[in-house]
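An overview of the molecular structure
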Amino acid sequence: MVLQNSGRYRADRGQSGGDRENPDDGSSMSALKRLERSQFADQMDARFGFDRIREPGEKTGWLINMHPTEILDEDKRMISAVDYYFIQEDGSRFKVALPFKPYFYIATKKNCEREVSSYVSKKFQGKVSKLEIVPKEDLDLPNHLVGLKRSYIKLSFNTVDDLVKVKREISPAVRKNREREQSNDAYTSMLSSALSGGNVASADDERMLKSISDQLDNIVDMREYDVPYHVRLSIDLKIHVAHWYNVRYRSSAYPPEIVRRDDLVERPDPVVLAFDIETTKLPLKFPDAETDQIMMISYMIDGQVTIHMDCLRCVIL
């Protein structure tokens, strides 16, 4: 029997045993595991010259990459941050971690924001670090072009892991509430309101919504929950790759200051690694890792070195 290389990575049987010891969340990792992963990433980055800034000072660098990570704050708690990778004018490299609270928005039924906020803060105590009601433009509102805004509840978290856990609990309720609203006949609702006295019924409905024991039934929408964390930070703070920045670091107790330098336009000369992977595939189909094989891997460093590896001759035992 001839075995073929499928291109898929198969972990050792013993590697998956440790994760089962933490049944808190199926896809989440323990704080210790996440800390070890962050420390391993620091070790690998240091091998390529990207040492984390630890001494107070100011440096000027050209931003080439960013990657989400987790660091310890002054209280030794895990918080989410983004590692920014810079090249200086002399070719030296460094990286700095910028902490930022991930967040998303939820919308409630009319005039139920405070009740839902109180309920969410108690239900997800220890996961939600901050709650605030903010007005936001909603393109789904009629006549939204005239400046109409809707109140949203902004949920902020210390880590992306906490955000994912809370989102996973809220999403089914939002989906169920949307289906319930769509199943309600608007004409029937309007007719019953007119027959029962209009404003009186409206006031009674509002009191009923506020007295619901499970306020998750009053959450009707979620926004910006699917924006990648590092993209979210870069959009909010306007930090983009391929620009020069002044990076000022004081200590671990304060976030670094990253200020764009528009007066610098000359780019540094980074080392560029380009690679290409050729695979088999069915006609008019994209490659599938389950069935297709890797034919060849080639890569080039600064246009000087090219290496081809014929993977069809590789055999996994």
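Here is a short report on the structure shown in this document. Since this is a predicted model, take the numbers as computed values, not measurements.

Right, let's talk about a nonpolar patch on the surface for a bit. On the surface, a cluster of nonpolar side chains totalling about 270 Å² of accessible area is made up of V271, L273 and I301. Relative to the elements of secondary structure, I301 occurs in strand β11 (residues 294-301).

The terminal C-alpha atoms of helix α3 (residues 160-183), which comprises 24 residues, lie 34 Å apart, in line with the 34 Å expected from a rise of 1.5 Å per residue. Of all the bends in α3, the largest measures some 30 degrees and sits at I170, one to four residues before the proline P172. Where α3 is buried, its residues meet α1 (31-47), β4 (103-108), β5 (128-137), β6 (149-157) and β7 (219-223).

With that settled, consider the sheet that holds strand β8 (residues 244-249). Spatially, the five strands line up as an open sheet ordered β3-β2-β1-β8-β9, and their pairing is antiparallel. In this open sheet, the two edge strands, each paired with only one partner strand, are β3 (93-99) and β9 (257-260). When the angles between neighbouring strand axes are averaged without regard to direction, this sheet yields 40 degrees. Packed onto the sheet, helix α6 (residues 229-237) meets β1 (57-72), β2 (78-87) and β3 and runs at close to 70 degrees relative to β2.

Further remarks concern the sheet that holds β7. Taken in spatial order, the four strands line up as β5-β6-β4-β7 in an open sheet, and their pairing is antiparallel. Edge positions in the open sheet fall to β5 and β7, since each of these has one partner strand only. The average angle at which neighbouring strand axes cross in this sheet is 30 degrees, direction not considered. The sheet contact formed by β5 and β6 spans nine bridges and is antiparallel. Bridged to P135 within β6 is S151. Sheet strands in contact with helix α2 (residues 113-123) are β4, β5, β6 and β7, and its direction is about 155 degrees off that of β5. Where α3 meets the sheet, its contacts fall on β4, β5, β6 and β7, and the angle it forms with β7 comes to roughly 130 degrees.

Given two aromatic rings, their pairing is described by the distance between the two centres and the angle made by the two planes. The tally for this structure, following the rule as stated, stands at seven aromatic pairs. Their ring planes at 55 degrees and their centres at 6.4 Å tell us that F100 and Y103 sit as a pair that is tilted. Its relative accessible area of 8% is what places Y103 among the buried residues. Judged by centre distance (6.4 Å) and plane angle (75 degrees), the ring pair of Y105 and Y152 falls under edge-to-face.

With that settled, the discussion passes to the pairing of β2. With 10 of its 10 residues buried, β2 lies for the most part within the structure. What you see with β2 is no split at all: M78, S80, V82, Y84 and F86 on one side and I79, A81, D83, Y85 and I87 on the other are buried throughout. Across 10 bridges, β1 lies against β2 in antiparallel orientation. What sits directly across from L72, in β2, is M78. The antiparallel hairpin formed by β1 and β2 contains five residues in its connecting segment, where K76 sits at a positive phi of about 60 degrees. In this structure, β2 lies alongside β3, joined through seven bridges in antiparallel fashion.

A positive phi angle, near 55 degrees, is found at K238, a position not held by glycine. Among the structural elements, K238 can be located in the loop between α6 and β8. Unusually for a residue other than glycine, L284 sits at a positive phi of about 60 degrees. Along the chain, L284 turns up in the loop between β10 (273-279) and β11.

Before going further, it helps to spend a moment on α2. Among the residues making up α2, those that are buried are E113, V116, S117 and V120. One side of α2 holds all its buried residues, which, seen down the axis, span an arc of 105 degrees. Opposite the packed face of α2, turned more than 90 degrees from it, sit the exposed residues R114 and K122. In this structure, the buried residues of α2 make contact with β4, β5, β6 and β7.

Rules behind the numbers
Residues numbered from 1 in each chain as written. Predicted model: local features only at pLDDT ≥ 70, side-chain atom pairs only at ≥ 80, totals over all residues. Heavy atoms only, no water. Patch = residues over 30% accessible without salt bridge, like charges linked within 9 Å, V, L, I, M, F, W, Y side chains within 5 Å. Areas by Shrake-Rupley, 256 points an atom, 1.4 Å probe, with all protein chains shown as cover. Salt bridge = Lys/Arg side-chain N within 4 Å of Asp/Glu carboxyl O. Helix = DSSP H or I, 4+ residues; strand = E, 2+ residues; numbered from the N terminus. Expected span 1.5 Å × (residues − 1). Bend = angle between axes of the 7 residues up to and from the residue. Contact = heavy atoms within 4.5 Å. Pairing = 2+ DSSP bridges. Axes fitted to C-alpha atoms, helices over the stretch in contact; angles between N-to-C directions. Phe/Tyr/Trp six-rings, centres within 6.5 Å; stacked < 30°, edge-to-face > 60°. Buried < 20%, exposed > 50% of the residue type's maximum accessible area, 1.4 Å probe, protein only. Arc of directions from axis to C-beta.

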